[in-house]
Amino acid sequence: MDQTEVVGVPLDKGVLGALVFIVKFYFTNPSQIPPGIPQKDRLENSELDAYHAAMMGLLGQEALGTLGRLREGRVDTGICVIQNLPAVQVGVLRRGFANNELRLIDAHWFRLEPREPGRKPKFVVNLTFAQVRHADVVLPELPRKTVEALRALANTTWAFCHVWDNSPIPVATVNCVGRQPDAKPTNAIVVRQRIVCAVPVAQRLEEKDE
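Residues numbered from 1 in each chain as written. Predicted model: local features only at pLDDT ≥ 70, side-chain atom pairs only at ≥ 80, totals over all residues. Heavy atoms only, no water.

Examining the overall build of the protein
Helix and strand content of the protein: three helices and nine strands. When the helices and strands of the protein are listed from N to C terminus, the series reads β-β-α-β-α-β-β-α-β-β-β-β. Taken across its 210 residues, the protein has 43% of its residues classed as buried. For the protein, the proportion of contacts with a sequence separation of at least 24, taken over those separated by at least 6, is 70%. (Helix = DSSP H or I, 4+ residues; strand = E, 2+ residues; numbered from the N terminus. Buried < 20%, exposed > 50% of the residue type's maximum accessible area, 1.4 Å probe, protein only. Contact = heavy atoms within 4.5 Å.)

Set out below in structure tokens:
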């Protein structure tokens, strides 16, 4: 397969350096979040939007920081490169990142308040992967409960996945929604040719297969 045929987000695309990848899992019930992942507070939408708009201004991309460009009332700086990919597994993505010098540097979950009155909140597990190339940097070992929680997330099938490229900000996001723990995946998000992309699968993949 030629690299030009791969649709996704290159690991090295960010104009400010190597990309940071944030993998998000959306839950409707916090009791479904595997134990071992700590909770953290999240900035208000208005604070996040102001930050993103300011970043676009600094990078000379003011148009990308316009309020309501993609969603009403929000600042969306990126483009969706993979949208509504069904029956998705991301079980080998952590190994794929590690094979390309990206390590898990943060894992937490937060409560996401609804944008509209009458809707229920969501609960989001947030995994951040970044390149760690300095020889003197040693990441601490993850607690056993956290490792087990990550394994549980990896073995879950998700109804849909969306991948966002937020260039020129060097951050990309992989959003997994619609938990389907008993469903068989038909697609997987993987790293191929240093590109985060989607591939069809016939069965659930194990990390050792990556």
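Moving on from the model shown.
Some points on unusual backbone geometry
Within the chain, Gln-193 stands out as a residue other than glycine whose phi angle is a positive 55°. Residue position: Gln-193 is located in the loop between strand E8 (187–192) and strand E9 (195–200). Exposure remark for Gln-193: the relative accessible area of 36% places this residue in the partly exposed category.

So, the sheet that holds strand E4 (residues 102–112)
A sheet is described by the order of its strands in space; here nine strands give the open sequence E1-E9-E8-E3-E6-E7-E2-E5-E4, paired in mixed fashion. Here the strands that pair on one side only, and so sit at the sheet edges, are strand E1 (8–10) and E4. Mean inter-strand twist for the sheet, computed between neighbouring axes without regard to direction, equals 25°. Where strand E3 (residues 79–89) lies against strand E6 (residues 157–165), six bridges are found, and the strand directions are antiparallel. By the bridge assignment, Pro-86 is partnered in E6 with Phe-160. (Pairing = 2+ DSSP bridges. Axes fitted to C-alpha atoms, helices over the stretch in contact; angles between N-to-C directions.)

Section: the nonpolar core
With 35 residues, the main nonpolar core has Phe-21, Phe-25, Phe-97, Val-125, Leu-127 and Ile-189 as its most contacted residues. Sequence-distant contacts of Val-125, defined by excluding residues within four places in its chain, comprise Val-23, Lys-24, Phe-25, Phe-27, Ile-33, Ile-37, His-108, Trp-109 and Leu-153. One finds Val-6, Val-92, Ala-188 and Val-190 within the second-largest nonpolar core, a separate group that totals eight residues. (Core = buried A, V, L, I, M, F, W, Y, C linked by side-chain atoms within 4.5 Å.)

Section: the pattern of salt bridges
Enumeration over the complete set of coordinates arrives at four salt bridges. A salt bridge links Arg-194 to Asp-12, with the shortest nitrogen-to-oxygen separation between them at 2.8 Å. Residue Arg-194 is located in the loop between E8 and E9, and its partner Asp-12 is located in the loop between E1 and strand E2 (20–27); the two are separated by 182 residues in the primary sequence. A salt bridge links Glu-113 to Arg-111; the shortest N-O distance between them is 2.5 Å. Accessibility expressed as a relative area gives 41% for Arg-111, which makes it partly exposed. (Salt bridge = Lys/Arg side-chain N within 4 Å of Asp/Glu carboxyl O.)

Considerations on helix H3 (residues 144–154)
Buried residues of H3: Thr-146, Ala-149, Leu-150, Leu-153 and Ala-154, and no others. Along the axis of H3, the buried residues cluster in a sector spanning 140°; they form a single face. In this structure, H3 carries Arg-144 and Lys-145 as exposed residues pointing more than 90 degrees from its buried face. Where H3 is buried, its residues meet E2, E3, helix H2 (93–98), E4, strand E5 (122–131) and E6. (Arc of directions from axis to C-beta.)

Describing the state of the cysteines
Under the criterion given, the structure shown has zero disulfides. Here Cys-176 stays free of any disulfide, with the sulfur of Cys-161 as its closest cysteine sulfur at 4.2 Å. (Disulfide = S-S within 2.5 Å.)

Let's talk about the side chain of Thr-128
Turning to its location among the elements, Thr-128 is positioned in strand E5. Assessed through its relative accessible area of 11%, Thr-128 is described here as buried.

Structural notes on the environment of Ala-107
Examined against the element boundaries, Ala-107 turns out to sit in strand E4. On the basis of relative accessibility, which here comes to 13%, the residue Ala-107 falls in the buried class. Along the sequence, Ala-107 and Ile-37 sit 70 residues apart, while their C-alpha atoms lie 6.4 Å from each other. What Ala-107 contacts, discounting residues up to four positions off in sequence, is Ile-37, Pro-38, Asn-126 and Leu-127.

Keep in mind these numbers describe shape, not what the thing actually does.
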